[in-house]
Amino acid sequence: VALFSDITKIKNSNEKIEYLAHHDPLTNLPNRLLLKARLNKSIEKCNDLKSRLAIFFIDIDNFKIINDTYGHTIGDKIINLVAKRLQKNIRKNDTLSRIGGDEFILVIEDIIEQKNIEKIANKIINDFREPINLEEYLFETTISVGISIFPNNGLNAEDLIKQADTAMYS
C-alpha cells in the first residue's frame, strides 16, 4: 500500500512567502532585511579583500506633497518609476533596495577610487533632471543622496546606513 501526495502547491506557497519576506511588494526590490544580509556579506568580502564599498542613501524630495496632492496610487507609481531609474545606473553585483516610504539604499562594491563614487552619484542625480511623465501629469522629481564609505565611515551595516542617512540631510 502506498500513499502519494502532490506538495507542489505547498512548495510554491513557501517560495512566495520567502520572496515576500525579503522583497518590497511595490517595487520587487530587496527590502531592509535582505539589504542587511547582503550588506553584511559585502562587508565580509571587503574585509577579506581589503577593498571598499559605498552606501548611497537616496530619498525622493518632497514626496509627501505628491502623495497628499495626487493620492497614494500616483505616489506608488512614482516610487516604481524612481526605482526603475535608479536600477538603470547600477551594475549586476550592486544592490538597490527600498527600505520604506520614499527611501532607497544602493550598495556599490569594488570601489577603487573616490572619483568613481562621485561619478556614480552625479549620474544618478543627473538622471532625475528629466521630469517624470505619468498619465496627464509631469513631475519635477528630484532626489537627495547621502554617501558613506566602508571602512572610512563605519565598520558595520547599521553604522554605514546611519552615516549615509546623516550625510543625506547635511
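All values reported here derive from a predicted model rather than from experimental measurement. Per chain, the residues get numbers from 1 upward, laid out in the order the sequence is written. This being a predicted model, a pLDDT of at least 70 is required before a residue's local features are given, and a value of 80 or more before pairs of side-chain atoms are given or counted; all residues contribute to the totals for chains, interfaces and linings. Note that the side-chain values use all heavy atoms of the structure and ignore hydrogens as well as water.

A. Structural context of the overall build of the protein. Numbering of helices and strands starts at the N terminus; helices are DSSP runs of H or I of at least 4 residues and strands are runs of E of at least 2. Broken down by element type, the protein carries six helices and six strands. In the protein, the order of α-helices and β-strands from amino to carboxyl end is α-α-β-α-α-β-β-α-β-β-β-α. Seen through its C-alpha atoms, the protein measures out along the principal axes to roughly 70 × 50 × 25 Å. For every residue, the accessible area (1.4 Å probe, protein chains only) is compared with the maximum for its type, and the residue is labelled buried under 20%, exposed over 50%, or partly exposed between those bounds. Per-residue burial over the protein gives 39% buried out of 170 residues. Any pair of residues with heavy atoms lying within 4.5 Å of one another is described as a contacting pair. Restricting to contacts in the protein with at least 6 residues of sequence separation, those with at least 24 account for 65%. Residues scored as charged are limited to Lys and Arg (positive) and Asp and Glu (negative), so that His and the chain ends carry no count. Positions of charges follow a simple convention, taking NZ of Lys, CZ of Arg, CG of Asp or CD of Glu. With 23 positive and 25 negative side-chain charges, the protein shows a separation of 5 Å between the mean positions of the two kinds.

B. Here's a closer look at the environment of Phe104. Residue placement: Phe104 occurs in strand S3 (residues 103–111). Classification of Phe104 as buried rests on a relative accessible area of 0%. Taking the C-alpha atoms as reference points, Phe104 and Asp159, 55 residues apart in sequence, are found 16 Å from one another. Apart from residues no more than four positions distant in its own chain, Phe104 is found in contact with Leu29, Phe56, Phe57, Ile58, Ile60, Ile79, Val82, Ala83, Leu86, Leu96, Ser97 and Arg98.

C. Spatial organisation of helix H2 (residues 32–49). Expected helix span is computed as 1.5 Å times (number of residues minus one). Taking 1.5 Å per residue as the helical rise, H2 with its 18 residues ought to reach 26 Å, and the 25 Å between its terminal C-alpha atoms agrees with that figure. Buried within H2 are the following residues: Leu34, Leu35, Leu39, Ser42, Ile43 and Cys46. In this fold, the buried residues of H2 make contact with helix H1 (8–22), strand S1 (52–60), strand S2 (95–100), S3, strand S6 (143–150) and helix H6 (157–169). Measuring from the side-chain oxygen of the N-cap residue of H2 to the backbone nitrogen of Leu33 gives 3.1 Å; that N-cap residue is Asn31. One or two steps after H2, the chain reaches Lys50, where phi turns positive at roughly 55°. In the analysis that follows, any N or O atom pair within 3.5 Å is treated as a polar contact, provided that within protein one partner can donate a hydrogen and the other can accept it, and provided that, for residues neighboring in sequence, both atoms belong to side chains.

D. How the structure looks around the nonpolar core. Of all hydrophobic cores here, the largest spans 27 residues; its most connected members are Phe56, Ile78, Val82, Leu86 and Phe104. Contributions of two or more residues to this core are made by S1, helix H3 (63–70), helix H4 (72–88), S3, helix H5 (114–127), strand S4 (132–134) and S6. The biggest single contributor to this core is H4, with six residues. Sequence-distant contacts of Ile78, that is, excluding residues within four places in its chain, are made with Phe63, Ile66, Ile132, Leu134 and Phe139. Within the second largest apolar cluster, 16 residues are counted, among which are Cys46, Phe57, Ile161 and Met168. Among the buried residues, those of types Ala, Val, Leu, Ile, Met, Phe, Trp, Tyr and Cys that are joined through side-chain atoms within 4.5 Å form a nonpolar core.

E. Fine view of unusual backbone geometry. A cis geometry characterises the amide bond from Phe150 onward to Pro151, with omega recorded as 5°. With respect to the helices, strands and loops of the structure, Pro151 is situated in the loop between S6 and H6. At Asn28, a position not held by glycine, the phi torsion is positive, near 65°. Position of Asn28 relative to the elements: it lies in the loop between H1 and H2. The class for Asn28 is partly exposed, based on a relative accessible area of 45%.

F. Molecular detail of the sheet that holds S3. Strand order in this open sheet of four strands is S2-S3-S1-S6, and the pairing throughout is antiparallel. Lying at the two open borders of the sheet, with one neighbouring strand each, are S2 and S6. This sheet shows a mean twist of 20° between the axes of neighbouring strands, independent of strand direction. Here, strands pair whenever DSSP counts at least two bridges between them. Of the pairings in the sheet, the one linking S1 to S6 comprises eight bridges and is antiparallel in character. Paired with Ala54 across the strands is Ile149, a residue of S6. Think of each axis as a best-fit line through the C-alpha atoms, taken over the contacting stretch in the case of a helix, with angles from 0 to 180 degrees between the N-to-C directions.

G. Fine view of H4. The terminal C-alpha atoms of H4, which comprises 17 residues, lie 24 Å apart, in line with the 24 Å expected from a rise of 1.5 Å per residue. Listed as buried for H4 are Ile74, Gly75, Ile78, Ile79, Val82, Ala83, Arg85 and Leu86.

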